[in-house]
Amino acid sequence: MINSLMMVIVLTVLTGIAYPLAMTALAQALLPNQANGSLITKGGQVIGSRLIGQNFTSPGYFHGRPSAAGADGYDAASSSGSNLGPTNQKLKAAVAERIMNIKSENNLSQDSSIPGDLVLASASGLDPHISPAAAYLQVERVASQRGLPSAQVRSLVDSHSIDRQFGFLGEPRVNVLELNLALDTVKR
């Protein structure tokens, strides 16, 4: 009985206290930005994270993926997908409405194709990235709203596009927050 109790205490201290403290200290020493959430600051104020999407709705900004995390979306405390299957009528209706809204706000014809990431939420509901195709689709709207040449806004998308990691992992992507912050620095 004493041996069992001692083993529980030793293992609790090792795995519940010592190991987490050692990993935290190692992460802070080797990768402090990542360990602290990859936060983005502007004027000394934290305005977001490179890892969590935000809801941009103004026509002068690039819009990210829809989010099913929380009542208003992008709620990190409620991170989850909608769990609706491809035959679910609620999902079909939401996608049809999103397609209609995207075509309307970007002045697209009815036969224009829309990248899937603009109408489908990610599994976490917090994805900070969109595909380059989704960003290029929004260039004309953003340029028009900001009074900028389309070529200049397209160049911003080009410069903020990230290739696949190591050339084969993941998909090409654009971080929406970083792209919108760069957009805010452009002079008219």
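Here the structure is a predicted model, which means the values were calculated and not measured. Numbers given to residues run from 1 along each chain, matching the order in which its sequence is written. The predicted nature of this model means local features are confined to residues of pLDDT at least 70 and side-chain atom pairs, given and counted, to a pLDDT of 80 or more, with totals for whole chains, interfaces and linings taken over all residues. The side-chain numbers reported here are obtained from all heavy atoms of the structure, hydrogens and water having been left aside.

Engineer: How would you explain the side chain of Lys103 if you had to name every residue and give the values?
Structural biologist: Strands are runs of DSSP state E lasting at least 2 residues, helices are runs of H or I lasting at least 4, and numbering of each runs from the N terminus. As for its placement among the helices and strands, Lys103 is situated in helix 3 (residues 89–105). Only protein chains enter the calculation, and the probe is 1.4 Å; a residue is then buried if its accessible area is under 20% of its type maximum, exposed if over 50%, and partly exposed in between. Working convention for charge: Lys and Arg count positive, Asp and Glu count negative, and His plus the chain ends are omitted. By salt bridge we mean one thing: a side-chain nitrogen of Lys or Arg within 4 Å of a carboxyl oxygen of Asp or Glu. At 6.8 Å, Asp111 is the nearest oppositely charged side chain to Lys103, a buried residue that forms no salt bridge. Among the polar contacts listed, one links the side chain of Lys103 to the backbone oxygen of Ser112, at a separation of 3.3 Å. Pairs of residues are marked as contacts when any of their non-hydrogen atoms sit within 4.5 Å. Ignoring any residue separated from it by four or fewer positions in sequence, one finds Lys103 in contact with Leu108, Ser109, Gln110, Asp111, Ser112 and Ile114. In the analysis that follows, any N or O atom pair within 3.5 Å is treated as a polar contact, provided that within protein one partner can donate a hydrogen and the other can accept it, and provided that, for residues neighboring in sequence, both atoms belong to side chains.

Engineer: Explain the nonpolar core to me, using residue names and the numbers behind them.
Structural biologist: Nine residue types can take part in a nonpolar core, namely buried Ala, Val, Leu, Ile, Met, Phe, Trp, Tyr and Cys, and a core is a set of them joined through side-chain atoms within 4.5 Å. If you look at the biggest cluster of nonpolar residues, it comprises 27 residues, and the most contacted ones within it are Phe62, Val153, Val157 and Leu183. The set of elements that each furnish at least two residues to this core consists of helix 3, helix 4 (132–146), helix 5 (150–160) and helix 6 (176–184). If sequence neighbours within four positions are ignored, Val157 has contacts with Phe62, Ala135, Tyr136, Val139, Val174 and Leu179.

Engineer: Could you give an account of the side chain of Gln138, naming the residues involved and the relevant values?
Structural biologist: Note on placement: Gln138 falls in helix 4. The contacts of Gln138, once residues within four sequence positions are left out, are Tyr61, Phe62, His63, Asn106, Leu118 and Ile130.

Engineer: Provide a residue-level description of a nonpolar patch on the surface, including the pertinent values.
Structural biologist: Among the surface-exposed residues, Ile2, Leu5, Met6, Ile9, Val13, Ile17 and Leu21 lie close enough to one another that they form a single nonpolar patch of about 680 Å² accessible area. Residue position: Val13 is located in helix 1 (residues 2–30). Residues enter patches when they are more than 30% accessible in relative terms and free of salt bridges; like-charged ones are connected within 9 Å and nonpolar ones (Val, Leu, Ile, Met, Phe, Trp, Tyr) within 5 Å. Values of accessible area rely on a 1.4 Å probe in the Shrake-Rupley scheme; residue burial ignores everything except the protein chains shown.

Engineer: Describe the pairing of strand 1 (residues 39–42), listing the residues and the values that go with them.
Structural biologist: Relative to strand 2 (residues 45–49), strand 1 runs antiparallel, the two being bridged by four bridges. Residue pairing across strands places Lys42 opposite Gln45, the latter belonging to strand 2. In textbook terms, the turn of a hairpin is the stretch between consecutive antiparallel strands, and for strand 1 and strand 2 this stretch comprises two residues, one of which, Gly43, has a positive phi near 60°. At least two bridges found by DSSP between two strands is the condition for calling them paired.

Engineer: Residue-level account of unusual backbone geometry, with values.
Structural biologist: Phi angles above zero are rare outside glycine, and Asn107 is one such case at about 55°. For Asn107, the location among the structural elements is in the loop between helix 3 and strand 3 (129–130). Asn107 sits in the exposed class, given a relative accessible area of 72%.

Engineer: Hey, could you go over empty space enclosed by the protein for me, with residue numbers and the actual values?
Structural biologist: Only protein atoms enter the 1 Å grid, on which a cavity is a set of points fitting a 1.4 Å probe that cannot get out and a pocket is an open set with protein on both sides within 12 Å along at least 5 of 7 lines, lining residues being those with an atom within 4 Å of a point. Grid points are joined across faces, edges and corners, and a volume is the space filled by probe spheres set on the points. For the coordinates displayed, the defined rule picks out one cavity of 30 Å³ or more. Its boundaries defined by the atoms lining it, the largest cavity holds a volume of some 70 Å³. Contributing to the lining of the largest cavity are 13 residues, with Gly53, Gln54, Asp127, Pro128 and Val176 lying nearest its centre. Counting residues per element, the ones that place at least two in the lining of the largest cavity are strand 3 and helix 6. Following the grouping adopted for this structure description, the nonpolar residues are Ala, Val, Leu, Ile, Met, Phe, Trp, Tyr, Cys and Pro, the charged ones are Asp, Glu, Lys and Arg, and the polar ones are all others, Gly among them. Residue composition of the lining of the largest cavity, grouped by class: seven nonpolar, four polar and two charged.

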